[in-house]
Amino acid sequence: HAIGIDVGGTLTKVAFFDDNQKLTFLYFLSDDLQRVSDWIALFDDDVKIGLTGGRAEQLKTFLRCHDNLHYLVEFDATVAGVNYQLQKDGKNFPDAVITNIGTGTSIHYHRGDEHKRISGTGIGGGTLLGMSALMTGIHQFDEIVQLSARGSRSEVDMLVSDIYFGNKTPIDGGLTASNFGAAGLTPLMERSKEDILATVQGLVGEVISTLSIQCAFAEDVEHIVYIGSTLSGNIPLQNIIGNYTKRKNRTPIFLRDNGYSGAIGALLSI
Ligand code: ATP
Ligand code: MG
């Protein structure tokens, strides 16, 4: 048996092949590594473990036997996992920008056997949770996603067309001129939690896609593969990122098991 484990800042993701050779996924909260360790203890003592992620070293201190551990650098694991997932989905590109939206966001360039980290931003899944909690009191990821899907950004954001007020705009009027800008100008107006959460998703998605698109331009790449658990079941965020990316004539790719690239890469490395 073998398990791939990606111990991230927020979530610990695991990937393994079950008895029917089906690739299976599971996640735990990274603030309870004892649970992860208890789960690993359910496997035979000779189970091989591929380990990656920022908190991998911390998980090691919880593990009983260290004999079968194989450590992999996070970026190597992520890219290996993405390659596997793309191939499985029948997608094949010569090169791509890979944007991993975890607690924070890191952006990679990948071509053949070569890959490098080219950019990143502190705006990520942690920002989505943190700003949502501060502004609405809601901190559960699933609830944030569900409520945001019912919200509207039009009374909170300011579009380029809002500024030009019906006159001809020098750039695409549908672009956001100022995230939360309308709220800044009419601060006493009531906004629903749904609208605020939709706007937080907009801010996070637009910062990340804008940066990724610039990277794709700089590297002259068409495809941007967006991964990370922040996208998991998060259709509103996928739509924001997908639409922004298409507006700039780049092709957005979303994988089925968004958050598990690192765990898959760690599993395959064994
Ligand atoms: P990093 O790679 O930055 O160290 P990570 O690997 O833990 O962090 P991911 O697991 O890819 O990051 O994504 C974490 C984000 O996923 C959270 O910030 C949150 O927005 C979102 N998320 C999805 N499901 C959950 C969940 N059940 N609990 C908490 N956050 C979740
Ligand atoms: Mg991660």
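Residues numbered from 1 in each chain as written. Chains lettered and ligands numbered in written order. Predicted model: local features only at pLDDT ≥ 70, side-chain atom pairs only at ≥ 80, totals over all residues. Heavy atoms only, no water.

## A few points about the site of ligand 1
Line of reasoning, step 1. If you check the shell around ligand 1, you find 18 residues, and the closest are Gly-9, Thr-10, Lys-13, Thr-103 and Ser-229.
Line of reasoning, step 2. Here an oxygen atom of ligand 1 sits 2.9 Å away from a polar atom, N or O, in the main chain of Leu-11.
Line of reasoning, step 3. Separating an oxygen atom of ligand 1 from a backbone N or O atom of Gly-104 is a distance of 3.3 Å.
Line of reasoning, step 4. Considered on its own, ligand 1 offers 650 Å² of accessible surface; in the complex 86% of this is hidden by protein.
Line of reasoning, step 5. Listed by contribution, the elements that provide at least two residues to the shell around ligand 1 are β2 (11–17) and α4 (125–136).
Line of reasoning, step 6. The leading source of residues in the shell around ligand 1 is α4, at 3 residues.
Line of reasoning, step 7. Residues of the shell around ligand 1, tallied by class, amount to 5 nonpolar, 11 polar and 2 charged. (Near = heavy atom within 4 Å. Polar contact = N/O pair within 3.5 Å; in protein donor to acceptor, adjacent residues only side chain to side chain. Areas by Shrake-Rupley, 256 points an atom, 1.4 Å probe, with all protein chains shown as cover. Helix = DSSP H or I, 4+ residues; strand = E, 2+ residues; numbered from the N terminus. Nonpolar A, V, L, I, M, F, W, Y, C, P; charged D, E, K, R; others polar.)

## Section: the pattern of salt bridges
Line of reasoning, step 1. Taken as a whole, this structure holds 9 salt bridges when the rule is applied.
Line of reasoning, step 2. Of the charged contacts, one joins Glu-194 and Arg-150 as a salt bridge, the two residues approaching to 3.6 Å between their closest N and O atoms. You can see Glu-194 sitting in helix α8 (residues 193–219) and its partner Arg-150 sitting in the loop between α5 (141–149) and β9 (158–159), a full 44 residues away along the chain.
Line of reasoning, step 3. Glu-194 gets classed as partly exposed once you look at its relative accessible area, which sits at 23%.
Line of reasoning, step 4. Residue classification places Arg-150 among the exposed residues on the basis of a relative accessible area of 60%.
Line of reasoning, step 5. Through salt bridges with shared partners, a single ionic network connects Asp-89, Lys-91 and Arg-256. (Salt bridge = Lys/Arg side-chain N within 4 Å of Asp/Glu carboxyl O. Buried < 20%, exposed > 50% of the residue type's maximum accessible area, 1.4 Å probe, protein only.)

## Re helix α3 (residues 74–88)
Line of reasoning, step 1. Compared with the 21 Å implied by 1.5 Å per residue over 15 residues, the 21 Å span of α3 between its first and last C-alpha is a close match.
Line of reasoning, step 2. Those residues of α3 lying buried are Ala-77, Thr-78, Val-79, Gly-81, Val-82, Gln-85 and Leu-86.
Line of reasoning, step 3. Positive backbone phi, at 70°, marks Gly-90, one or two positions downstream of α3. (Expected span 1.5 Å × (residues − 1).)

## Things to note about the sheet that holds strand β5 (residues 69–71)
Line of reasoning, step 1. Ordered by their spatial adjacency, 5 strands build an open sheet running β3-β2-β1-β4-β5, and the pairing between neighbours is mixed. The sheet is open, and its two borders are formed by β3 (23–29) and β5, each paired with just one other strand. Taken pair by pair, the neighbouring strands of this sheet meet at an average axis angle of 20°, ignoring direction.
Line of reasoning, step 2. Here 7 bridges tie β2 to β3, and the two strands are oriented antiparallel to one another. Looking at the pairing, Phe-16 lines up with Thr-24 of β3.
Line of reasoning, step 3. Relative to the sheet, helix α10 (residues 261–268) contacts β1 (2–7), β2, β3 and β4 (48–52), its axis offset from that of β1 by approximately 140°. (Pairing = 2+ DSSP bridges. Axes fitted to C-alpha atoms, helices over the stretch in contact; angles between N-to-C directions. Contact = heavy atoms within 4.5 Å.)

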